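Spelled out, the chains give:
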Amino acid sequence: MAGLPALIADIGGTHARFALVDESGAIGEMMVYRCREHAGPAEAARLFLDHMKPAKAPVAGAFAVASALSGDRVEMTNAAWSFSIAELQATLGFERLQVVNDFTAVALSVRHIHGADLMEMGGGAPLAGAPIAVLGPGTGLGVSGLVPTQSGEWVALATEGGHVTMAATDPREAQVLDILRARYGHVSAERVLSGPGLVNLYQTLCTLAGATPAAEVTPPWVLEQAGAGGCPVCADSLQMFFAMMGTVAGNLALSLGAKGGVFIAGGILPRVKEAFRASDFRRRFEDKGRFRPYLANIPVWLILHPEPAFAGLAALCLQDHPRGQ
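Residues numbered from 1 in each chain as written. Predicted model: local features only at pLDDT ≥ 70, side-chain atom pairs only at ≥ 80, totals over all residues. Heavy atoms only, no water.

*Asks:* Got a minute to help me understand the pairing of strand β9 (residues 132-137) in this structure?
*Replies:* Every regular strand shows the same layout, with side chains that alternate between the two sheet faces. Within β9, six of the six residues are buried, leaving the element largely enclosed by the surrounding structure. Across the two faces of β9 the burial is the same, with Ile132, Val134 and Gly136 and Ala133, Leu135 and Pro137 all buried. Sheet topology note: the β9/strand β10 (residues 141-148) ladder contains six bridges and is antiparallel. Within β10, the residue paired with Val134 across the bridge is Ser144. Hairpin connection between β9 and β10: a loop of three residues separates the two successive antiparallel strands. The pairing of β9 with strand β12 (residues 262-264) spans three bridges and is parallel. (Buried < 20%, exposed > 50% of the residue type's maximum accessible area, 1.4 Å probe, protein only. Helix = DSSP H or I, 4+ residues; strand = E, 2+ residues; numbered from the N terminus. Pairing = 2+ DSSP bridges.)

This is the structure we're talking about:
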């Protein structure tokens, strides 16, 4: 099949993940590299290919990057990597290299993920042919959508919706955002709904509680302490995180008219999936005054698939080939 095999990569602010898509469209073994340990994607890709030693070298690539895309130059938002798409294609010897936003890739995946890879978060049945919203917290906050065309195809949106202004829904959240505004100026949704955002919530709530924050705080530490019950501020931070996710997800559903459903991805929430499902998320998702009934019917799923971007990138590789549709 022309264009296959292909190299796919999901490049975030912390890690770069690589795998091969074979000539049948199947995704092979994945390897993960820390971005800061390599000069750029070309070096990491070569290391991966040297390790895998594929029988047939890939002739094309599809890379998802955690960055806004405009033209040939890619500047990573939360990592030091910067590269030219054309130069990377030439360096790797590919006939074609497609580079998309990481949440564009996740959006492309949602029509290919089913069953145990999804956890229901309430709502009614999806409306066939209606727009779909996709968002998720990780190193940053990714936002995308999947919109049907008149021809029956689906187009994934490349957005920077994680950087919309975060709004408070009660006086306590307003206090949190006031403190963060003094630190950052503009407080985006990503400043609270991401790994670093969870740390921001913890530190800010410590300030409001008159407590001294731990010296070295990481998102996994906050999650661990919240689950163990040994740190009330950590538990409070996580609950605020869940509630704010509901606010932002509901805003996105209204903005897109996402009656096809809302899918939540990212590396944080699957680690605390049961606490998330039992949280205030769904109430806050629907808490839009006169439009509560509108949102009550919209289904939400948490994506548990370990690499949804890979499913979307594989679909992108196969897009021009009928057997892959």
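*Asks:* Even after reading the chapter, I still don't get the side chain of Glu286, so can you show me in this structure?
*Replies:* Within the element layout of this structure, Glu286 appears in helix α9 (residues 281-286). Using a relative accessible area of 16% as the deciding quantity, one classes Glu286 as buried. Within the structure, Glu286 has its side chain in polar contact with the side chain of Arg282 (distance 2.7 Å). For Glu286, the residues in contact, after removing those within four places along its chain, are Arg292, Leu295 and Ala296. (Polar contact = N/O pair within 3.5 Å; in protein donor to acceptor, adjacent residues only side chain to side chain. Contact = heavy atoms within 4.5 Å.)

*Asks:* Explanation requested: the sheet that holds β9 in the structure shown.
*Replies:* Through backbone hydrogen bonds, the strands of a sheet pair up, either in parallel or in antiparallel fashion. With mixed pairing, six strands are arranged side by side in an open sheet as β8-β13-β12-β9-β10-β11. Each edge of the open sheet carries a strand with a single partner, namely β8 (118-120) and β11 (154-156). Each strand of the sheet is rotated relative to its neighbour by a mean of 20 degrees, with strand direction disregarded. With three bridges joining them, β10 and β11 adopt antiparallel strand pairing. Residue pairing in the sheet places Leu146 in a bridge with Ala156 of β11. (Axes fitted to C-alpha atoms, helices over the stretch in contact; angles between N-to-C directions.)

*Asks:* For this particular structure, what's the right way to read the pattern of salt bridges?
*Replies:* Note that side chains of opposite charge can pair when their charged atoms are close. This model, assessed by the stated rule, comprises eleven salt bridges. For the salt bridge of Glu23 with Lys56, the shortest nitrogen-to-oxygen distance reads 3.1 Å. Here Glu23 is found in the loop between β2 (15-21) and β3 (31-34), whereas its partner Lys56 is found in the loop between α1 (41-52) and β4 (60-65), with 33 residues between them in sequence. Between Asp178 and Arg181 there is a salt bridge, with the nearest N and O atoms lying 2.8 Å from each other. Taken together, the residues span about one helical turn, with Asp178 and Arg181 both in helix α4 (residues 171-184) at a distance of three residues. For Asp178, a relative accessible area of 46% puts it in the partly exposed group. By sharing partners, the salt bridges in this structure join Asp280, Arg283, Asp287 and Arg292 into a single network. (Salt bridge = Lys/Arg side-chain N within 4 Å of Asp/Glu carboxyl O.)

*Asks:* Can you help me understand the packing of α4 against helix α7 (residues 232-256) in this one?
*Replies:* Angle between the axes and distance between the axes: these two values describe a pair of packed helices. Packing of α4 against α7 leaves a shortest axis separation of 12 Å and a crossing angle of 100 degrees. Classed by the angle they form, the pair α4 and α7 counts as roughly perpendicular. Contact with α4, carried on its side by Arg172, Glu173, Val176 and Leu177, involves Asp236, Met240, Ala243 and Met244 of α7 and no other residues of that element. Among the residues making up the contact of α4 with α7, the classes are represented as five nonpolar, no polar and three charged. (Parallel < 35°, antiparallel > 145°, perpendicular 65-115°, else oblique. Nonpolar A, V, L, I, M, F, W, Y, C, P; charged D, E, K, R; others polar.)

*Asks:* Looking at this structure, how should I read the packing of aromatic side chains?
*Replies:* Two descriptors summarise a pair of aromatic rings, namely the distance from one centre to the other and the angle between the planes of the rings. Taken as a whole and judged by the stated rule, the model has nine aromatic pairs. Across the ring face of Tyr184, the terminal group of Arg191 is positioned such that the distance to the ring centre comes to 3.8 Å. (Phe/Tyr/Trp six-rings, centres within 6.5 Å; stacked < 30°, edge-to-face > 60°. Lys NZ or Arg CZ within 6 Å of the ring centre and 35° of its normal.)

*Asks:* Which parts of the structure should I look at to understand the confidence of the model for the chain?
*Replies:* Keep in mind that low pLDDT regions are not for reading the predicted coordinates in detail. Here the chain averages 92 in pLDDT, and 97% of its residues register 70 or above. Of the regions scoring below 50 in pLDDT, residues 321-325 engages in seven contacts with residues more than four places distant in sequence or in other chains. (pLDDT = per-residue confidence, 0-100.)

*Asks:* Is there a simple way to explain the sheet that holds β3 in this structure?
*Replies:* A sheet is described by the order of its strands in space; here five strands give the open sequence β3-β2-β1-β4-β7, paired in mixed fashion. Strands at the two margins of the open sheet, each flanked by one partner only, are β3 and β7 (96-101). Neighbouring strand axes in the sheet, compared pairwise and without regard to direction, differ in orientation by 20 degrees on average. In this structure, β2 lies alongside β3, joined through four bridges in antiparallel fashion. By the bridge assignment for β3, Phe18 is matched with Met31. Where α1 meets the sheet, it contacts β1 (6-11), β2 and β3, and its direction lies at approximately 45 degrees from that of β2. Helix α2 (residues 85-92) rests against β4 and β7 of the sheet, and its axis sits at about 135 degrees to β7.

*Asks:* Help me understand α1, please; the structure alone is not making it clear to me.
*Replies:* Within an α-helix, residues lying three or four positions from one another point in the same direction, as the helix has 3.6 residues per turn. In this model, α1 (twelve residues) spans 16 Å end to end at C-alpha, consistent with the 16 Å of a helix rising 1.5 Å per residue. Residues of α1 that are buried: Pro41, Ala42, Ala44, Ala45, Phe48 and Leu49. Across the axial projection of α1, the buried residues extend over an arc of 165 degrees, all falling on one side. Summarising the contacts, the buried residues of α1 are in contact with β1, β2, β3, β6 (82-84) and α2. Where α1 ends, the next residue or the one after it, Lys53, has phi of about 45 degrees, a positive value. (Expected span 1.5 Å × (residues − 1). Arc of directions from axis to C-beta.)

*Asks:* Just to check I follow, could you spell out the pairing of strand β13 (residues 300-303) for this structure?
*Replies:* Side chains of β13 alternate between two faces, with Val300 and Leu302 and Trp301 and Ile303 buried alike. The pairing of β12 with β13 spans three bridges and is classified as parallel. Each bridged residue has a counterpart across the sheet, and for Val262 the counterpart in β13 is Val300.

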